[in-house]
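# Survey of secondary and tertiary structure
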Amino acid sequence: MLSLFGLLLGLGLLIVLTMRGFNLFITAPLCALLVALTNGIPFWQLNDKLDFVHGYMAGFSSFVAAWFLMFLLGSLFGKLMEHSGAADAVALAIVKRLGHTRAVLAIVLACAVLTYGGVSLFVVAFSAYPMAVSLFKGANLPRRFIPATLALGSVTFTMTSAGSPEIQNWIPIPYLGTTPYAGWQVSIIVAVFMAVGGYLALMWMIKNAQAKGEQFVSRASDPTVTDKPLPHWLTGLIPLLVVLVTSFLLHDSLQQAALIIALTGGVVSLYLLTFRFIHNPGAATNEGVLGALLAIGNTAAVVGFGGVAKLTPAFNQVVEYMTHLPGPELIGAAVAVSAIAGLTGSASGGQVIALPEIAPTYLDRGVDAEQLHRVVAISSGALDSLPHNGYVVTTIRAICGESHQNAYWPVAVVSVLMPVLGVILAITLFQWF
């Protein structure tokens, strides 16, 4: 009981401190240390890596090693879009065609296209943020809703839908012998439900905030639209297409390396096309590098907490219990994957830990592999978006410069509530049809 209490206490404290805006470089390791102390995990051992220091740093460093180049290139891409005025040019072109009233819709669609094209979720946020600032400013919308808008287009209906190249849709394949298009009929219905429902909920929250007097508040660091000539909007769109098309074409053969090549192509093409509009390339580069370091550091700090949590007996007990829940198998799979994703703060983590246990058991019971694939994918994108989730932390704090207190609850509505309702709808449809 002490082990479980310590794990839940550490997780709860991390969420509370994150919501209150405390520095994650301090709070994440301290909360992880609390988990270690209550679970009898030694602080450090010379010849055994099952200790707090090795556990935390293994999680921290493995995330940095896996994602540093993507964060760096994605941040550089976003800053060049901002400094060159390309983001403003694209935003103005969208407003001219859709109108200011559809600014949120334009951002959601842009993020959805990039995500479904194979661009990493983190990179989508970096790339779309400059355009989002311009659109929100033009429509005078409260900027604290930008993270939720980015999340709706990135980590909901596109991330876990049939055919999506994101890893959350690909992890179940080797465990279940399925394809990325598993359960596509139900997936389409659920994706439309999450997209429409999330958009309506987001617009309702924005209109309520506007009715209370909230509006866009400019910052000194925001790019300006009127003080310099802008490139043609196509020069901002072409680099985005370079990233999208290159990532899509190379994804199957090169996997994660495809994104590095795609982003490199995007940065180079953006620089060449907009060079004369970038008045201080050094400043843009420096801001991009610093932004990448802050973003990946915040995320890795939380991943390190998950590395310590996985060492605890309580975590193994939770996994054992969750992966052997009684009752309908699809419900059990959804609950197990969601709960583990919530504990680890990772949708992919929830799948990787749960699938080796539930896949053979449920398949032996006759559960349809395609149905199980889709339920696992959708449910992994629900409770993973708690305040300590890496994408949530990066998008709210490092990219958008907001606080959790101001920006998280709209994010929770579109990236927690809507996927939970989506997986309930998916299970219901699979049971009926």
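Predicted model, so just to flag it, every value in this text is computed and none were measured. Along each chain, residues carry numbers from 1 onward, in the same order as the chain's sequence is written. Reporting in this predicted model follows two pLDDT cut-offs: at least 70 for local features of residues, and 80 or more for side-chain atom pairs to be given and counted; totals over whole chains, interfaces and linings ignore these cut-offs and use all residues. Values shown for side chains rest on all heavy atoms present in the structure; no hydrogens or waters enter the calculation.

### A short note on the overall build of the protein
The helix and strand inventory of the protein stands at 19 helices and zero strands. Computed over its C-alpha atoms, the radius of gyration of the protein comes to 21 Å, within 12% of the 22 Å expected for a compact globule of 433 residues. Along the three orthogonal principal directions, the C-alpha set of the protein runs to about 65 × 55 × 50 Å. For every residue, the accessible area obtained with a 1.4 Å probe (protein chains only) is divided by the maximum for its type, and the residue is called buried under 20%, exposed over 50%, and partly exposed between those limits. Here the protein, with 433 residues, has 58% of them falling under the buried criterion. Helix and strand definitions here come from DSSP, where helices need a minimum of 4 consecutive H or I residues and strands a minimum of 2 consecutive E residues; each element is numbered from the N-terminal end. Radius of gyration: C-alpha atoms only; globule rule: 2.2 Å multiplied by the number of residues to the exponent 0.38.

### Points about the packing of helix α7 (residues 146–154) against helix α10 (residues 184–211)
Running from N to C, α7 and α10 cross one another at 170°; their axes reach a closest spacing of 10 Å. The orientation of α7 relative to α10 falls into the category roughly antiparallel. For the pair α7 and α10, contact is made by Ala 148, Thr 149 and Leu 152 and by Met 194, Gly 198, Tyr 199 and Leu 202, respectively. Taken together, the residues of the contact of α7 with α10 sort by class into five nonpolar, two polar and no charged. Angles run from 0 to 180 degrees between N-to-C directions of axes, and those axes are lines fitted to C-alpha atoms, restricted for helices to the stretch in contact. Any angle from 65 to 115 degrees is called roughly perpendicular, while one under 35 is roughly parallel, one over 145 is roughly antiparallel, and all others are oblique. Contacts between residues were defined by any pair of non-hydrogen atoms, one from each residue, lying within 4.5 Å. Only Asp, Glu, Lys and Arg are considered charged, only Ala, Val, Leu, Ile, Met, Phe, Trp, Tyr, Cys and Pro nonpolar, and every remaining residue, Gly among them, polar.

### Quick word on the pattern of salt bridges
Should a side-chain nitrogen of Lys or Arg be within 4 Å of a carboxyl oxygen of Asp or Glu, the pair is scored as a salt bridge. Under the criterion given, the structure shown has five salt bridges. Glu 214 is the salt-bridge partner of Arg 144, the closest N and O atoms lying 2.8 Å from each other. Of this pair, Arg 144 sits in the loop between α6 (121–139) and α7 while Glu 214 is found in the loop between α10 and α11 (233–254), placing the two residues 70 residues apart along the sequence. By relative accessible area, Arg 144 is classed as partly exposed at 24%. With relative accessibility at 28%, the residue Glu 214 sits in the partly exposed group. Put simply, Arg 143, Arg 219 and Glu 402 are held in one network by salt bridges that share partners.

### Remarks on the UniProt feature "transmembrane region" (unreviewed entry) in the protein
UniProt positions are given in the numbering used here, feature names are shortened, and annotations may be inferred rather than shown by experiment. Within this numbering scheme, the UniProt entry marks residues 56–77, 103–125, 145–163, 184–206, 230–250, 257–278, 290–309 and 407–430 as carrying the feature "transmembrane region" (unreviewed entry). With 100% helix and 0% strand, residues 56–77 has its two end C-alpha atoms placed 30 Å apart.

### Quick notes on the environment of Val 367
On the secondary structure map, Val 367 appears in the loop between α16 (347–364) and α17 (369–380). Expressed as a C-alpha distance, the spacing of Val 367 and Pro 328, which sit 39 residues apart in the sequence, is 9.7 Å. Among residues more than four places away in sequence, those in contact with Val 367 are Glu 329, Leu 330, Tyr 362 and Leu 372.

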